[in-house]
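Coordinate analysis (summary)
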Amino acid sequence: MSAIAQRTGIISTPQDDIDLLAVGLDDEHNDADLWGMININQAARGWLGNKNCY
């Protein structure tokens, strides 16, 4: 926990909840990594939108 969160008792979260769940890629990614990222990010959006994703 950051010093600000400890001092104020408030934990800051991003404006868009997807920022807590989404994943990205580094420069050394391959096709499998890309498709994995797409699947994870789609599932995260579905979960946040309360949609079944299976």
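One can find the structure itself at the top, above this paragraph.
Chains are numbered independently. Their residues run from 1 in the order of the written sequence. Totals for whole chains, interfaces and linings use every residue, but because this is a predicted model, local features are given only for residues with pLDDT of at least 70 and side-chain atom pairs only at 80 or more, for both listing and counting. Excluding hydrogens and water, the side-chain figures rest on all heavy atoms present in the structure.

We now examine the overall build of the chain. Regarding its fold elements, the chain presents three helices and zero strands. A 1.4 Å probe rolled over the protein chains alone gives each residue an accessible area, and that area as a share of the maximum for its type sets the label: buried under 20%, exposed over 50%, partly exposed in between. Among the 54 residues that make up the chain, the fraction classed as buried is 9%. Values of accessible area rely on a 1.4 Å probe in the Shrake-Rupley scheme; residue burial ignores everything except the protein chains shown. Of the roughly 4900 Å² of accessible surface on the chain, 51% is carried by carbon and sulfur atoms. Helix and strand definitions follow DSSP, with helices as H or I runs of at least four residues and strands as E runs of at least two, each counted in order from the N terminus.

Like charges are joined within 9 Å and nonpolar side chains (Val, Leu, Ile, Met, Phe, Trp, Tyr) within 5 Å, but only among residues with over 30% relative accessible area and no salt bridge; these make up the patches. A carboxyl oxygen of Asp or Glu within 4 Å of a side-chain nitrogen of Lys or Arg is what we treat as a salt bridge. All tallies of charge rest on Lys and Arg as positive and Asp and Glu as negative; His and the ends of each chain are not included. Think of each charge as sitting on NZ of Lys, CZ of Arg, CG of Asp or CD of Glu. On the surface, a cluster of negative charge is made up of D26, D27, E28, D31 and D33. Position of D26 among the secondary structure elements: in the loop between α2 (18–21) and α3 (31–48).

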